[in-house]
There are 2 protein chains.
Amino acid sequence: MPNPPTIKEIARKLNLSASTVSRALHNHPRIGLKTRLQVQALARELQYEPNQTAIFFQQKKTFTLGIVLPELSEAFFSAAISGIEDTANKSNYMVLLGQSHDDATREEKIVGIMKNHRVDGLLVSLAKNTVNYAHFEMLRKYNIPVVFFDRIPDMQHIHYVAANMESGTVQAVALLLQQGHRVIGMINGPEKLIASRQRTTGYRTAMQQQRLKYDATLNLPTDLTREGTRQAMQQLLSHKRKVTAIVAFNDYVSQDAVQYALEQGLQINKDICFVSYANLPLSSYMAFPPMASVEQYPYQQGQQATAILLDILSGKLPQDDYQQLTIDSRLVMAPGR
Amino acid sequence: MPNPPTIKEIARKLNLSASTVSRALHNHPRIGLKTRLQVQALARELQYEPNQTAIFFQQKKTFTLGIVLPELSEAFFSAAISGIEDTANKSNYMVLLGQSHDDATREEKIVGIMKNHRVDGLLVSLAKNTVNYAHFEMLRKYNIPVVFFDRIPDMQHIHYVAANMESGTVQAVALLLQQGHRVIGMINGPEKLIASRQRTTGYRTAMQQQRLKYDATLNLPTDLTREGTRQAMQQLLSHKRKVTAIVAFNDYVSQDAVQYALEQGLQINKDICFVSYANLPLSSYMAFPPMASVEQYPYQQGQQATAILLDILSGKLPQDDYQQLTIDSRLVMAPGR
DNA sequence: AAAATTTGCGCAATCGTTTGTGCAGCCATA
DNA sequence: TATGGCTGCACAAACGATTGCGCAAATTTT
């Protein structure tokens, strides 16, 4: 009922000016010890808490980071956001959330609202169909820095953090080679995706390291739909060379591929092995988990992206010193194998 | 570089007062058509956007909801938050996020920060070890309404939304009975949990409906640890009556129980059947998914809780008309069975 | 034509906090 | 004793928008 106490109130009760009270609370050296203690005592007594909205307004700073990402309920993103929130909180920043649901229009709207809320900075993972980046360009005018993570735009001067699939892929293929597999299929994603190209590069590198020839007909691009996976599987299983192992684009693809193999009467881990890229939690609970997974460290990506953003905000990093950080992915063996 | 345009700037350029510009932009009837159009035209040209922080400050309203929950990366919560965000966004509210990591101290700190950020309202799912509710009581002084969801405190005058496990449990047990099972074990949670008691009640009700006797020795409370589950399983499997079906507290418990059963040489869905409460995504990918799951509708819980909060904020609901909404859980058959 | 009403706009306060500046009184140094 | 430098505080502006009130001019009513 009674409004929260303000600096003015404290000032009135102590016959001081608001400025003195403010300085006293901030331990300004020019305020005498006596008054300082008086003020602080009364502040405690009244349970004074500064009105942040006033401070935000006055300082043109909100200590708030905006996060825009496609879908919270995807395990990858909820892990990333967890890293973001933890890192932000350590620096007393709060986190404002918006999901685009992979819709570019919604994304644009959210970015607009966040801009109006005057977030200090933005962390963004793009919606699938975002092709127009005007709403991000606009943020420069408002001096709101953006750090992209995971799904990054095809732009020049941006900060970003992303996982590099190449390293993990090299390790994955190397593992399979080491286990004696010689004909390894890869169910890849759309060729325009950086992530797909990185997988291809990783595949080639691993083969070269063993002085083996890279066979492009074993690396199939798909649209990542269930049907696409099944078609790719069909092609691979009818390949003139006998495919004994498969690298799947992600766990969902892997599951569909496994299912197709089962339908064809193949025995998993005997006739054919699977390696995937981790994006399902608890893959240990899966019926036929891949024997290994390339981990993309979503939590760490969130952490790093936030750390960069905070460094920019604190002035440690100049705005135009574009940070482009790739986190190496890494092969992780399935538990219990 | 140039600061975003303000109302004052527009006023200066048109030789008007700030108040006139403000009213013109809001289509105030007392502003002449000519000036109104002039103002709006210039605003568009300068790409004027109101400074929300100023408005927040002035109106003592931030159009922001705070969310405090234990762990973002848990599927249940990320689904809930998705519902919250969607609902909030429809009313042009933003969502400020904080995870307690199931730590009461952290929860308290987050609530404090959110209060200082002057969120309009709070949505809270409690940390496990929260016993002191002082930080929530304090919010009343600040007139910040709170709606709890799922993990609700043991307090009198609060708003909350929670799933009632009873209905789903009745259905689960009824299903097992219908399939001919007569000795049904239940691996329950700590007895002090409301959710555990609801499961017990549901179990009893289902038995009574078939005029069967309820056997308390088949309903075992556990601490929900892996070891607790295994001990319960041991007790159940050595029960004097032959247990042919088990209701597990949740999917994690279910998995552990299944594993134990397998170790004992039992065949799942033949020697023994499992029913659980859904909290793992993609349970269809699990090795031995429960044949059915009690769905708790996290997304809907989030929606409903947010709707209540928004109604309170808009004045549609009086603060002290305490909404206590329970969403009935419901049994969902596993896909493909 | 005088009175009443409406129209169109400006003035000024307000929200709570921070911060540059000014001004006493005090002490110390020359 | 005059000069200078501290010390301790108050004054006032500023951030950007909203809003009650007032006042003149234009319009309508009587």
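Under an unreviewed UniProt entry, the name given to chain A is LacI family transcriptional regulator, and the source organism is Chitinophaga rhizophila.

On to the sheet that holds strand S9 (residues 273–277) of chain A. All names here are of chain A. As summarised here, the arrangement of the 6 strands in space is S7-S6-S8-S9-S10-S12, forming an open sheet in which the pairing is mixed. On the outer flanks of this sheet lie strand S7 (219–221) and strand S12 (330–333), each paired with one strand and no other. Between one strand and the next, the sheet's axes are offset by a mean angle of 20 degrees, whatever the strand orientation. With 3 bridges connecting them, strand S6 (residues 184–188) and S7 associate as parallel partners. Counterpart to Met186 in the pairing with S7 is Asn219. Docked against the sheet, helix H10 (residues 226–237) engages S6, S7, strand S8 (245–248) and S9, running at close to 160 degrees with respect to S6.

Domain boundaries assigned for chain A yield domain 1 (7–50), domain 2 (62–159 + 298–326) and domain 3 (165–295). Taking the mean C-alpha position of each, domain 2 of chain A and domain 3 of chain A sit 31 Å from one another.

Another aspect to go through is the protein's contact with DNA strand D. Taken together, 28 residues form the shell around DNA strand D, and within it A:Thr20, A:Thr35, B:Ile7, B:Arg23 and B:Tyr48 come nearest. For DNA strand D, the backbone makes up 48% of the atoms found within 4 Å of the protein, where backbone means sugar plus phosphate. Within the side chain of B:Lys8, one N or O atom sits 3.5 Å away from a phosphate oxygen of DNA strand D. Among the elements that take part in the surface near DNA strand D, helix H4 (residues 52–59) of chain B stands out by supplying 5 residues, more than any other. Residue composition of the surface near DNA strand D, by class: 9 nonpolar, 14 polar and 5 charged.

Bringing the interface of chain A and chain B into the picture now. Facing the 52 residues of chain A at the interface are 52 residues of chain B. Together, the buried faces of chain A and chain B total about 4700 Å²; carbon and sulfur atoms form 55% of this surface. Connecting chain A to chain B are 6 salt bridges. For A:Glu85, the salt bridge goes to B:Arg106, with nearest N and O atoms at 3.7 Å. Within the residue set of the side of chain A that touches chain B, elements represented by two or more residues are helix H4 (52–59), helix H5 (75–90), strand S2 (94–99), helix H6 (104–116) and helix H11 (251–263) of chain A. No other element matches the 7 residues that H6(A) contributes to the side of chain A that touches chain B. Of the residues assigned to the side of chain A that touches chain B, the class counts are 25 nonpolar, 17 polar and 10 charged. When S2(A) meets strand S2 (residues 94–99) of chain B, the two strands line up antiparallel, connected through 3 bridges. Bridge assignment links A:Leu97 to a residue of S2(B), and that residue is B:Val95.

The next subject is empty space enclosed by the protein. In this structure the tally under the stated criterion is 2 cavities of 30 Å³ or more. Size it by volume and the largest cavity reaches roughly 180 Å³. Lining the largest cavity are 16 residues, with A:Phe56, A:Thr64, A:His117, B:Phe56 and B:Thr64 positioned closest to its centre. For the lining of the largest cavity, the secondary structure elements donating two or more residues are H4 of chain A together with H4 of chain B. Here the lining of the largest cavity is built from residues that sort into 6 nonpolar, 8 polar and 2 charged.

A separate point is the protein's contact with DNA strand C. The immediate surroundings of DNA strand C are formed by 27 residues, with A:Ile7, A:Ser19, A:Arg23, A:Tyr48 and B:Thr20 found nearest. Among atoms of DNA strand C positioned within 4 Å of the protein, sugar and phosphate together represent 48%. Here a phosphate oxygen of DNA strand C sits 3.1 Å away from a polar atom, N or O, in the main chain of A:Asn51. A distance of 2.6 Å separates a phosphate oxygen of DNA strand C from a polar backbone atom of B:Gly32. The set of elements that each furnish at least two residues to the surface near DNA strand C consists of helix H1 (7–14), helix H2 (18–25) and H4 of chain A together with helix H2 (18–25) and H4 of chain B. Examining the composition of the surface near DNA strand C, we find that 4 residues originate from one element, H4(A), more than from any other. Class assignment of the residues belonging to the surface near DNA strand C gives a composition of 8 nonpolar, 14 polar and 5 charged.

A few words now on the nonpolar core. Among the nonpolar cores identified, the biggest contains 50 residues, and A:Leu97, A:Leu123, A:Phe149, B:Leu97, B:Leu123 and B:Phe149 are the most heavily contacted of them. Once you skip the residues sitting within four places of it in the chain, B:Phe149 turns out to touch B:Leu69, B:Phe77, B:Ala80, B:Ile84, B:Leu123, B:Val124, B:Ser125, B:Val161, B:Gln301 and B:Ala305. A:Val111, A:Ala162, B:Ile144 and B:Ala162 belong to the second-largest nonpolar core, a separate cluster that totals 46 residues.

When chain A is fitted onto chain B, the two copies agree to an RMSD of 0.1 Å after a turn of 180 degrees and an axial shift of 0.0 Å. Both copies of the chain, as the preceding transformation shows, are related through a two-fold rotation axis. A high fraction, 100%, of the interface residues of chain A reappear at the interface in chain B, so the copies pair face to face through one surface.

Another point: the environment of B:Leu14. Tracing the sequence through the fold places B:Leu14 in helix H1 (residues 7–14). Non-local contacts of B:Leu14, meaning those with residues more than four positions away in its chain, are made with B:Gln38, B:Val39 and B:Leu42.

Take the pattern of salt bridges next. Enumeration according to the criterion identifies 20 salt bridges over all chains in this entry. With a shortest N-O distance of 3.3 Å, B:Asp256 and B:Arg226 are connected by a salt bridge. With B:Asp256 in helix H11 (residues 251–263) and B:Arg226 in helix H10 (residues 226–237), this pair connects stretches of sequence that are 30 residues apart. Through salt bridges with shared partners, one network takes in A:Glu85, A:Asp86 and B:Arg106.

Here is what the cut-offs are and how they apply
- Residues numbered from 1 in each chain as written.
- Chains lettered and ligands numbered in written order.
- Predicted model: local features only at pLDDT ≥ 70, side-chain atom pairs only at ≥ 80, totals over all residues.
- Heavy atoms only, no water.
- Pairing = 2+ DSSP bridges.
- Helix = DSSP H or I, 4+ residues; strand = E, 2+ residues; numbered from the N terminus.
- Axes fitted to C-alpha atoms, helices over the stretch in contact; angles between N-to-C directions.
- Contact = heavy atoms within 4.5 Å.
- Domains from an automatic or database assignment.
- Near = heavy atom within 4 Å.
- Polar contact = N/O pair within 3.5 Å; in protein donor to acceptor, adjacent residues only side chain to side chain.
- Nonpolar A, V, L, I, M, F, W, Y, C, P; charged D, E, K, R; others polar.
- Buried area = accessible area lost by both parts, 1.4 Å probe.
- Salt bridge = Lys/Arg side-chain N within 4 Å of Asp/Glu carboxyl O.
- 1 Å grid on protein atoms, 1.4 Å probe; cavity = no way out; pocket = protein on both sides within 12 Å on 5 of 7 lines; lining within 4 Å.
- Points joined across faces, edges and corners; volume = space filled by probe spheres on them.
- Core = buried A, V, L, I, M, F, W, Y, C linked by side-chain atoms within 4.5 Å.
- Buried < 20%, exposed > 50% of the residue type's maximum accessible area, 1.4 Å probe, protein only.
- Least-squares fit on C-alpha atoms with pLDDT ≥ 70 in both.

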